Amino acid sequence: MKNDAEKNIGIAFLLNFFFSIFELLGGFWTNSISITSDSIHDFGDCLSILISWLLEKKSNKKPNEFYTYGYQKFSVLGALINSVVLFSGASIMFVSAVTRIFDPEEINYNGVLIFAVIGLIVNGIGSYKTIRGEKLSEKVVGLHLLEDVLSWAVVLIAGIVMKIFDLPIIDPILSIFITFFILFNVIRNLIKVFEIFLDKSVINIDELKKDLPQDEQILDIHHLHCWTDGVNNFLTLHLVVSDSIDKDNIIRVKKLLREKLFAKKINHITIELEFASENCSENNCEITKNDYKILHIHHH
């Protein structure tokens, strides 16, 4: 899947790059601000997609002594850069469109319709190749291209309306709506990216505690932390067992716990074993300690 993400982002870059050049020339030919501004937006996409592709290659490197969890967050960094560039391009589109509203110009409607059809095809192919991916960087690229597909669909409809009724002011108004649509999705993606970088839990910890296995050998579970790198989900916890527990029961309890967590799509689990008579070495354990024990009592 990792190589597929890298390949699909590369295809999306090539499609977007050549179409952006074609689109810029077409914007001047048709005198359409929505097409010209969208070409600027697409050039920004090309840059960010290229960076995403390079960081995606980096993210496929194996863990080492410096990056012990691996390089997956380089992929998330690509999604961050992609979103920031797209935000900047959308802002440029907005300024250009507002200016054109107060000074509308004649538009080559037939040219707009031709570019709308080509834009739908090119961006549709790129979106199809990337949006089905599992990695966040790939999904962000796919979402950008899907936005372009929707944008060109609207341009096609608006082009037909403008041609019939000769209303060039629809072009900048359309551009403003496209801009707001793009900005809405960019902000939503940025929130996801920041949540990953800030190690927000991928699951509700309180709900997870309620669903953990109930076993007489498990006295307490605390110091539970969960985070993601955008692909892998990680979890660490302290497992308290009785002082008299034997080896077979330790293995059984840990296996039981791991099976529950794997079912929650947590694929990298670290369990620190503690005995009942042992004091936890972590200073802030008291914040979460006994949470599971209380839940355990309530279940019974």
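Above this text is the structure in question.
These numbers were taken from a predicted model, which means no experiment stands behind them.

For the rest of this paragraph, the subject is the packing of aromatic side chains. The full count for this structure, using the stated rule, is seven aromatic pairs. On the numbers, 4.8 Å between centres and 80° between planes, the contact of Tyr-69 with Phe-234 is edge-to-face. Placement of the pair is Tyr-69 in the loop between helix 2 (33-59) and helix 3 (72-102) and Phe-234 in strand 2 (residues 233-241), with a sequence separation of 165 residues. Residue Tyr-69 is classed as partly exposed on the basis of its relative accessible area of 44%. Take Phe-234: its relative accessible area is 3%, and that puts it in the buried class.

So, on to the sheet that holds strand 1 (residues 218-228). Across the sheet, which stays open at both edges, the three strands sit in the order 1-2-3 with mixed pairing between neighbours. Edge positions in the sheet fall to strand 1 and strand 3 (268-275), since each of these pairs with one other strand and no more. Across the sheet, the mean angle separating the axes of adjacent strands is 15° when strand polarity is ignored. Summarising the sheet, strand 1 and strand 2 pair through eight bridges and their orientation is antiparallel.

Time to look at the pattern of salt bridges. One pass over the structure, following the stated rule, counts three salt bridges. Among the ionic pairs, Glu-195 bridges to Lys-200, the shortest N-O distance being 3.1 Å. For Glu-195, a relative accessible area of 30% corresponds to the partly exposed category.

Time to look at helix 8 (residues 247-263). Taking 1.5 Å of rise per residue, 17 residues should cover 24 Å, and helix 8 covers 25 Å from first to last C-alpha, within 8% of that figure. Buried within helix 8 we find Ile-250, Val-253, Leu-257 and Leu-261. Buried positions in helix 8, seen along its axis, are confined to an arc of 75° and lie on one side of it. Exposed residues on helix 8 whose side chains face more than 90 degrees from its buried face are Asp-248, Lys-255 and Ala-263. Tucked into the core, helix 8 has its buried residues touching helix 7 (205-211), strand 1, strand 2 and strand 3. Positive phi appears at Lys-265, one or two residues downstream of helix 8, with a value of about 70°.

In the Ramachandran plot, His-223 falls in the positive-phi region, its phi being about 50° despite a non-glycine side chain. Tracing the chain through its elements places His-223 in strand 1. With phi around 70°, Lys-265 is a residue other than glycine that occupies positive phi space. Take Lys-265: it is sitting in the loop between helix 8 and strand 3. Of the residues examined, Lys-265 reaches a relative accessible area of 65% and is grouped as exposed.

Conventions adopted
Residues numbered from 1 in each chain as written. Predicted model: local features only at pLDDT ≥ 70, side-chain atom pairs only at ≥ 80, totals over all residues. Heavy atoms only, no water. Phe/Tyr/Trp six-rings, centres within 6.5 Å; stacked < 30°, edge-to-face > 60°. Helix = DSSP H or I, 4+ residues; strand = E, 2+ residues; numbered from the N terminus. Buried < 20%, exposed > 50% of the residue type's maximum accessible area, 1.4 Å probe, protein only. Pairing = 2+ DSSP bridges. Axes fitted to C-alpha atoms, helices over the stretch in contact; angles between N-to-C directions. Salt bridge = Lys/Arg side-chain N within 4 Å of Asp/Glu carboxyl O. Expected span 1.5 Å × (residues − 1). Arc of directions from axis to C-beta. Contact = heavy atoms within 4.5 Å.

Don't take any of this as a statement about function, it's just geometry.
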